[in-house]
Amino acid sequence: MIMVRTLAGMRRAAVAAVAALSLTGLAACSGGDSDPAVPGSGGGKTADLAASAPVASNIPAGSTMEKIKQRGELVVGGSLDAPLLSQQNPATKKVEGLDADFGRLLAKYIIGKPNVKIVNSASETREALLSNGTVDVVFQTYSITPERAKQVAFAGPYYSSGLVIATKKDETGIKTPADLKGKTVIAGANTPAIPAIKKAAPDAKIVTFGSDPECVQALKQGRGVAYVQDQAILLATAKQDPTIQIQGEPFTSDPYGIGLKHGDAQMKQFVNDWLKNIEASGLWAKVWKNSIGTVVQGEAPQPPAIGSAKGSE
């Protein structure tokens, strides 16, 4: 039950997939009852993934996990508008994608049922939502950084992406990060794109917006000549919108973590154990195939090593 209120190993495959796309029109997802207007909706396979998902055999008394189980739903800070990751299907009203699937599977592990309530959060509000207990976890392309780790705990990483540059299709002067020098560049508020742009082009003017759709709209309106964002997010955007083009390969490596309340070591260990379980069983790969894999060709990448990112130790 969903109640509505975010490649290192796959970079070459992802870039090849982008190059192969004509960027004209949106291909329907294969099979199932998914809406072709939502890339990566998973072909109606979400229920199948949840049905085969494991359930924890022992929930420690008095733990955060026990409170979630007693409540009967996992409250997730996430998105409703991120294609391939966490997007509400307008036809079925289900929230679909990589992060959405992982949230359901974690709920199944804790509660025994994939009951999730998604609180639509913004990049600048995630830390507060965790610290004040509004959400239990955050699945929202939440890049792990040592700075963020001072405010929240990170399980994982569970996935790795990287920043790329998107421009309007007729743009010819921007191919690499160095080409951003002196330009007006769009970025999501409170995202790793901001320091990455400053490092690549210190004199660039950065304008920020609160969500990916707002950033894409600003790019199309000419409020900046480029938009820097995770490749995992922009793959679907570029495929769906023929006026947007991805320029080159990722120029950073950004591990995604599962955001947790700071100081809850028991919950962090529990979630990491769940990750190990679904990785070993092959369920992690099925989640990837159900989402990113509907756009990117080839086999699922190897998941990043748990605890490998600075800030996730």
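Peer 1: So, the overall build of the protein chain: which residues are in play, and what are the values?
Peer 2: Across its full length, the protein chain holds 10 helices and 14 strands. The buried share of the protein chain, reckoned over its 313 residues, is 56%. For the protein chain, the computed accessible surface area is about 12,600 Å², with 51% contributed by carbon and sulfur atoms.

Peer 1: Could you give an account of the packing of aromatic side chains, with specific residues and numbers?
Peer 2: Overall, the coordinates contain 10 aromatic pairs when judged by the stated rule. Taken together, a centroid distance of 6.5 Å and an interplanar angle of 80° make the contact between Phe 139 and Trp 274 edge-to-face. Taken as a pair, Phe 139 in the loop between strand 7 (137-138) and strand 8 (152-161) and Trp 274 in helix 9 (residues 265-281) lie far apart in primary sequence, 135 residues in all. Assessed through its relative accessible area of 1%, Phe 139 is described here as buried. Where Tyr 142 meets Phe 154, the ring centres are 5.0 Å apart and the plane angle is 75°; that geometry is what we call edge-to-face. Remark: Phe 154 occurs in strand 8 and Tyr 142 occurs in the loop between strand 7 and strand 8; sequence separation between them is 12 residues.

Peer 1: Please give an account of the packing of helix 4 (residues 98-111) against helix 10 (residues 283-290) that cites residues and values.
Peer 2: Relative orientation of the contacting elements helix 4 and helix 10 amounts to 145°, with a least axis distance of 9 Å. Between helix 4 and helix 10 lies a crossing of right-handed hand. Contacts between helix 4 and helix 10 involve Leu 98, Asp 101, Phe 102 and Leu 105 from the former and Leu 283, Trp 284, Val 287, Trp 288 and Asn 290 from the latter. Its residues assigned to classes, the contact of helix 4 with helix 10 comprises 7 nonpolar, 1 polar and 1 charged.

Peer 1: An account of the sheet that holds strand 9 (residues 163-168) is requested, with residue identities and associated values reported.
Peer 2: The strands that make up a sheet pair up through hydrogen bonds in the backbone, lying either parallel or antiparallel. Reading across the sheet, the 5 strands line up as 11-10-12-9-13 and stay open at both edges, with mixed pairing between neighbours. Of all the strands in the sheet, just strand 11 (205-209) and strand 13 (244-247) have a single pairing partner and so form its edges. Recorded for the sheet is a direction-independent mean angle of 35° between the axes of neighbouring strands. Its contacts with the sheet place helix 6 (residues 193-200) against strand 9, strand 10 (184-188), strand 11 and strand 12 (226-230), and it is angled at close to 155° to strand 10.

Peer 1: Quick rundown of helix 10? Include the residues and the values.
Peer 2: Note that an α-helix has 3.6 residues per turn; residues three or four places apart therefore point the same way. Inspection of helix 10 places Leu 283, Trp 284, Val 287, Trp 288 and Asn 290 among the buried residues, and these make up the whole buried set. Looking down the long axis of helix 10, one finds its buried residues gathered within 165° of arc, a one-sided arrangement.

Peer 1: I'd like a description of the environment of Lys 183, backed by residues and values.
Peer 2: Take Lys 183: it is sitting in the loop between strand 9 and strand 10. For Lys 183, a relative accessible area of 32% corresponds to the partly exposed category. With 41 residues separating them in the primary sequence, Lys 183 and Gly 224 have C-alpha atoms 7.7 Å apart. Contact partners of Lys 183, with chain neighbours within four places excluded, come to Ala 204, Lys 205 and Val 225. Engagement of the side chain of Lys 183 in a polar contact is seen with the backbone oxygen of Asp 179, the distance being 3.3 Å.

Peer 1: Now, about the packing of helix 3 (residues 64-71) against helix 9: what can you tell me, with residues and values included?
Peer 2: Closest axis-to-axis distance for the helix 3/helix 9 pair is 8 Å, and the angle between their directions is 75°. What the angle tells us is that helix 3 and helix 9 run roughly perpendicular. Residues Thr 64, Met 65 and Ile 68 of helix 3 form the contact with helix 9, whose participating residues are Gln 266, Met 267 and Phe 270. Each residue belonging to the contact of helix 3 with helix 9 can be placed in one class, and the counts come to 4 nonpolar, 2 polar and no charged.

Rules of the game
The residue numbers shown here count from 1 along each chain, following its written sequence. The model is predicted, so local features are restricted to residues of pLDDT at least 70 and side-chain atom pairs to those at 80 or more, both for listing and for counting; the totals for chains, interfaces and linings are taken over all residues. Excluded from the side-chain calculations are hydrogens and water; all other atoms, namely the structure's heavy atoms, are used. Put simply, DSSP marks the helices as runs of H or I at least four residues long and the strands as runs of E at least two long, and each gets a number from the N terminus on. A 1.4 Å probe rolled over the protein chains alone gives each residue an accessible area, and that area as a share of the maximum for its type sets the label: buried under 20%, exposed over 50%, partly exposed in between. Only the protein chains shown count as cover for residues, and the accessible areas themselves come from Shrake-Rupley with a 1.4 Å probe. Pairing of aromatic side chains requires ring centres within 6.5 Å, counting the rings of Phe and Tyr and the six-membered ring of Trp. Pairs whose planes differ by under 30 degrees are stacked, by over 60 edge-to-face, and all others tilted. Helix axes are fitted to C-alpha atoms over the stretch in contact, other axes to C-alpha atoms as well, and angles between N-to-C directions run from 0 to 180 degrees. Crossing handedness is read from the near helix: turned anticlockwise from the far helix by less than a right angle, it gives a left-handed crossing, and turned clockwise, a right-handed one. For this analysis, residues touch if any pair of their heavy atoms sits within 4.5 Å. The nonpolar class holds Ala, Val, Leu, Ile, Met, Phe, Trp, Tyr, Cys and Pro. Asp, Glu, Lys and Arg form the charged class, and all remaining residues, Gly among them, are polar. Here a strand pair is declared whenever DSSP counts at least two bridges between the two strands. As used here, the arc is the angular range of directions from the helix axis to the C-beta atoms. Polar contact is the term for a pair of N or O atoms within 3.5 Å; when the atoms are in protein, one must be able to donate a hydrogen and the other to accept it, and sequence-neighboring residues count only if both atoms are side-chain atoms. An angle below 35 degrees is read as roughly parallel, one above 145 as roughly antiparallel, one from 65 to 115 as roughly perpendicular, and any other as oblique.

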